Amino acid sequence: MLFAFVLAAGTISFAFTNIQQPKPWPVPDKNAKMANPVKSSAESINNGKALWNLHCASCHGKKGLGDGSKAAQLKTTPQDMTVAAFQSQSDGSVYYKISEGRDDMPSFKKKIPDAEDIWSLVNYIRTLKK
């Protein structure tokens, strides 16, 4: 009986740890070092917000907390984009992740084909920091 309890507790602990700790998402250096060519302006941020509401909020939530209406249906927990660990990434890294996607995060290269729009989305994501 004790063995079953310890095994169950260990399994639950392991599963919880894996859900809470996203696996590393390496970005090629050339992409990480890319500078955002779109100046962060009211127009760019408004454009990025519109794209966010259309493509991102359903998983990442209205405020970027990872609590969107579809989040519970995913195998991986959507990234909380308000935290310092996320916000400390370079603009190029964020751009790369939006463009390329992985696992439950889709690639947006075809859904948002204009690179300037993705850069505007990066500008909007910067406004979500705590």
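Residues numbered from 1 in each chain as written. Predicted model: local features only at pLDDT ≥ 70, side-chain atom pairs only at ≥ 80, totals over all residues. Heavy atoms only, no water.

- An unreviewed UniProt entry lists the chain under the name Cbb3-type cytochrome c oxidase subunit III, from Mucilaginibacter frigoritolerans.

### Describing the pattern of salt bridges
Line of reasoning, step 1. Here the structure, examined in full by the defined rule, presents 4 salt bridges.
Line of reasoning, step 2. Residues E100 and K109 are paired through a salt bridge, measuring 3.3 Å at the closest nitrogen-oxygen approach.
Line of reasoning, step 3. Judged by relative accessible area, E100 falls into the partly exposed class, the value being 33%.
Line of reasoning, step 4. On the accessibility criterion, K109 (45% relative accessible area) is partly exposed.
Line of reasoning, step 5. Of the charged contacts, one joins R102 and D103 as a salt bridge, the two residues approaching to 3.9 Å between their closest N and O atoms.
Line of reasoning, step 6. Since its relative accessible area comes to 23%, R102 is described here as partly exposed.
Line of reasoning, step 7. Bridged by salt links that share partners, the residues K23, R102 and D103 form one connected network. (Salt bridge = Lys/Arg side-chain N within 4 Å of Asp/Glu carboxyl O. Buried < 20%, exposed > 50% of the residue type's maximum accessible area, 1.4 Å probe, protein only.)

### As for helix α6 (residues 115-126)
Line of reasoning, step 1. Over its 12 residues, α6 runs 17 Å from end to end, which matches the ideal 16 Å to within 8%, given 1.5 Å per residue.
Line of reasoning, step 2. Burial analysis of α6 places 9 of its 12 residues in the buried class, which makes it a mostly covered element.
Line of reasoning, step 3. When we look at burial in α6, the residues that qualify are I118, W119, S120, L121, V122, N123, Y124, I125 and R126.
Line of reasoning, step 4. On its buried face, α6 sits against α3 (42-60), α4 (84-87) and α5 (91-100).
Line of reasoning, step 5. Structurally, the start of α6 carries an N-cap: the backbone nitrogen of E116 is 2.9 Å from a side-chain oxygen of D114. (Helix = DSSP H or I, 4+ residues; strand = E, 2+ residues; numbered from the N terminus. Expected span 1.5 Å × (residues − 1). Contact = heavy atoms within 4.5 Å. Polar contact = N/O pair within 3.5 Å; in protein donor to acceptor, adjacent residues only side chain to side chain.)

### Considerations on the nonpolar core
Line of reasoning, step 1. Ranked by size, the top nonpolar core spans 19 residues in total, and within it W52, I98, L121 and I125 carry the most contacts.
Line of reasoning, step 2. Ranked by residue count, the leading element in this core is α6, at 6 residues.
Line of reasoning, step 3. Ignoring sequence-local partners within four residues, the contact set of I125 consists of W52, M81, F86, Q87, V94 and I98. (Core = buried A, V, L, I, M, F, W, Y, C linked by side-chain atoms within 4.5 Å.)

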